[in-house]
Amino acid sequence: MSLTSILSAEAIENAVKDCQAPDSFCYKKFFKLCGLSSKTPQEVKDVFQILDEDNSGFIEESELKFFLQRFVPGARTLSEAETRTLISAADDDSDGRIGAEGTRHANQTAFGAKEIQTQVPLMLMISPRMASGMQEKQFTASLLNFFVYNPTFGPREGEEEKKILFYHPSEVEKNEKIRNVGLCEAIVQFTRTFCPTKPAKSLHTQKNRQFFFEPENNFWMVMVVRNPMIEKPNKDGKPPTQEYQEEEILDTVYGAVVKECYSMYKLFNGTFGRAVEAGGAELLIQKLEKFFYRYLQTLHLQSCDLLDVFGGISFFPLDKMTYLKIQSFVNRVEESLSLIKYTAFLYNDQLIWSGLEQDDMRILYKYLTTSLFPRHSEPELAGRDSPLRPEVAGNLLHYGRFLTGPTNLKDPEAKFRFPKIFVSTEDGYEELHLIVYKAMSAAACFMISASVELTRDFCEQLDALVGPQLTLLASDICEQFTVNRRISGPEKEPQFKFIYFNHMNLAEKSTIHMRKTASVCLTSVHPDLMKILGDINCDFARVDEDEEIIVKAMTDYWVVGKKSDQRELYVILNQKNANLIEVNEEVKRLCATQFNNIFFLD
């Protein structure tokens, strides 16, 4: 979801330009100019979710001074007076923060949730007519069902329930579970009569879309997604009219999500077959319930797009000398701590070095950047000469800490248990301890055979060895990155909006995505353009040859897709009056400036 999917880019730009002068911000005028005043309550909530960077459910006063920059990167910050005026308009209980629906005066439950809502000042501050309730309601794609079954586990009549290994939501009545699984099994078998090796991958209906995936022989995963919908109110007390937008769902995107669900399960549990061999269907059922009960809560289907199809890795650009320092660091650590089998090194959630196979690193990278790192986010420390880190010979303080395993090495009750992962080997797979250690913005992942018991002594040795070196490396990388940014000038809106993906090394780069997490996808283009990118990708997937596709959108944008030598490039150009020749020249200019060492066929 992006701001431009709710508000027009032109309206946002006009609203921000109107208040560029210091102390000229008027929230009433701003909301009117950007078009937020005319939006539905649901759309206002969607905008709030995008603005709420830490997903806390509130926008704090410290965040509000960057309010304009959430709309346009590079806009000015609000003054203290403007910030106080904005927050006082919606902060009814004076707690210094704004919720999506303003203040909730309520009793707290045992879980800290607020039960009774009595006022919605933020909604009314933006648009008083939101209280009328006569607005269209928009519903994004959402998960209806997710289940895993094996038809060979209940082959006879009366044993149908044995086929079902996992079903979400669990409270669904038993006969309905059996009926839904039976329907999917029948669809798969029917389509196999036409092509035994390629059964159905999806089923389209008006209200939902079903996706089928067979990750292992006879094990099937099915995800049912409710199509996006608009609910239009009717007069005279008639029920609202529901309009389903089934064309908004792309098979490639959500098919990739199902495959990723399996890859993530396999990373932490191994294959389905392994569990059955170890403890029968009962053990597999336990593992599936334990894993997917939590994992499915992290799926935000409305945020999925072309990047989920690629499942790529963002690499951090480095100069040769700093890269060699990191290579030397990895070699020293692996030599000193011989138990370490594999190492990966990341900075700012971008990969620099990995000793794992590509497919293993791809799914581990996804876990680190969308789950583990966000749970342990912290204020960054920048600059090598930070006064908080005195360099005293033999007593170098550092900022290193374990993200997995013990939270405090000095705690006598500390537990030295690390998550275990499964990675591919030539003859199958191996089980490893996953140690993730972070210092400032740098993170090192160390993988050690699960057959080894990790002790306090080993963790203290790793902390003493890695902590100071990783802290120095993080400072060096930060300095180099700062110098490069200073040379390139102030950060500006990207001149070209593009997505690049290399199938050979899984490298991806996007100037379209301003923010991409598991729960929020903040893009700088309209969703219709993202849909066109997905359609072009589908066309590319149907053929093996290199090709180029150019589309003129209804909004006068040009969309270009190039596939060449296992690389894909998608470009969006805002040049209303350009012709095909001029568009082609612009794409060549982009390739020359951004990909000068990468060959694209013309």
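Criteria and thresholds
Residues numbered from 1 in each chain as written. Predicted model: local features only at pLDDT ≥ 70, side-chain atom pairs only at ≥ 80, totals over all residues. Heavy atoms only, no water. UniProt positions renumbered as here; feature names shortened; annotations may be inferred. Helix = DSSP H or I, 4+ residues; strand = E, 2+ residues; numbered from the N terminus. Contact = heavy atoms within 4.5 Å. Axes fitted to C-alpha atoms, helices over the stretch in contact; angles between N-to-C directions. Left-handed = near helix turned anticlockwise from the far one by under 90°. Pairing = 2+ DSSP bridges. Core = buried A, V, L, I, M, F, W, Y, C linked by side-chain atoms within 4.5 Å. Buried < 20%, exposed > 50% of the residue type's maximum accessible area, 1.4 Å probe, protein only. Expected span 1.5 Å × (residues − 1). Arc of directions from axis to C-beta. Phe/Tyr/Trp six-rings, centres within 6.5 Å; stacked < 30°, edge-to-face > 60°. Lys NZ or Arg CZ within 6 Å of the ring centre and 35° of its normal.

Under an unreviewed UniProt entry, the protein has the name EF-hand domain-containing protein and belongs to Pogonophryne albipinna. In the Function (unreviewed entry) part of its UniProt record, the protein is described as follows: "In muscle, parvalbumin is thought to be involved in relaxation after contraction. It binds two calcium ions."

Let us look at the environment of Phe 30. The topology assignment puts Phe 30 in helix H2 (residues 27–34). Taking C-alpha positions, Phe 30 is 9.9 Å from Lys 17, a pair spaced 13 residues apart along the chain. For Phe 30, the residues in contact, after removing those within four places along its chain, are Ala 15, Val 16, Cys 19, Phe 25, Phe 67, Leu 68 and Phe 71.

Orientation of helix H9 (residues 251–269) relative to helix H10 (residues 272–295), taken along the N-to-C sense of each, is 115 degrees, at an axis distance of 11 Å. Crossing of H9 against H10: the hand is right-handed. For the pair H9 and H10, contact is made by Glu 260, Cys 261, Tyr 262, Met 264, Tyr 265, Phe 268 and Asn 269 and by Phe 272, Arg 274, Leu 284, Lys 287, Leu 288, Phe 291, Phe 292 and Tyr 295, respectively.

Strand order across the open sheet formed by three strands is E3-E9-E10, with antiparallel pairing between neighbours. With one partner strand each, in any of the chains shown, strand E3 (137–139) and strand E10 (241–244) form the two edges of the open sheet. Between one strand axis and the next, the sheet turns through 20 degrees on average, direction left out of account.

Moving on, we come to the nonpolar core. Among the nonpolar cores identified, the biggest contains 74 residues, and Met 221 and Phe 292 are the most heavily contacted of them. Here this core takes nine residues from H9, the largest share from any one element. Aside from chain neighbours lying at most four places away, what touches Met 221 is Phe 146, Phe 147, Val 148, Phe 211, Phe 212, Phe 213, Pro 215, Val 258, Cys 261, Tyr 262, Phe 272 and Phe 292. One finds Phe 316, Ile 326, Tyr 437 and Ala 439 within the second-largest nonpolar core, a separate group that totals 34 residues.

A separate point is the pairing of strand E11 (residues 340–347). Looking down a regular strand, the side chains alternate between one sheet face and the other. Counting buried residues in E11 gives six out of eight residues, a clear majority hidden from the surface. Relative to strand E12 (residues 350–354), E11 is paired through four bridges, and the arrangement is antiparallel. Looking at the pairing, Leu 346 lines up with Leu 351 of E12. In textbook terms, the turn of a hairpin is the stretch between consecutive antiparallel strands, and for E11 and E12 this stretch comprises two residues, one of which, Asn 348, has a positive phi near 50 degrees.

Helix length check: helix H8 (residues 174–192), at 19 residues, gives a terminal C-alpha distance of 27 Å against a target of 27 Å (1.5 Å per residue), a fit within 8%. All of the buried residues in H8 are Lys 177, Val 181, Cys 184, Glu 185, Ile 187 and Val 188. For H8, the angular spread of the buried residues around the axis is 155 degrees, confining them to a single face. Of the residues in H8, the exposed ones pointing more than 90 degrees away from the buried face are Arg 179 and Phe 190. Buried residues belonging to H8 abut strand E4 (142–149), strand E5 (164–168), strand E6 (202–204), strand E7 (208–216) and strand E8 (219–226).

Tallying each qualifying case throughout the model produces 34 aromatic pairs. Relative to Phe 292, the ring of Phe 166 lies with its centre 5.6 Å away and its plane at 35 degrees, an arrangement referred to as tilted. Of this pair, Phe 166 sits in strand E5 while Phe 292 sits in helix H10, placing them 126 residues apart in sequence. By relative accessible area, Phe 292 is classed as buried at 0%. With a centroid separation of 5.2 Å and 20 degrees between ring planes, the pair formed by Phe 291 and Tyr 295 is classed as stacked. Of the two residues, Phe 291 and Tyr 295 both sit in helix H10, four residues apart, roughly one turn of that helix. This pair shows no difference in class: Phe 291 is buried, exactly as Tyr 295 is. Here the aromatic residues Phe 146, Phe 153, Phe 166, Phe 213, Phe 219, Tyr 262, Tyr 265, Phe 272, Phe 291, Phe 292 and Tyr 295 are joined through ring pairs into a cluster of three or more. Looking at Lys 438, its charged tip hangs above the ring of Phe 373, at a distance of 5.5 Å from the centre.

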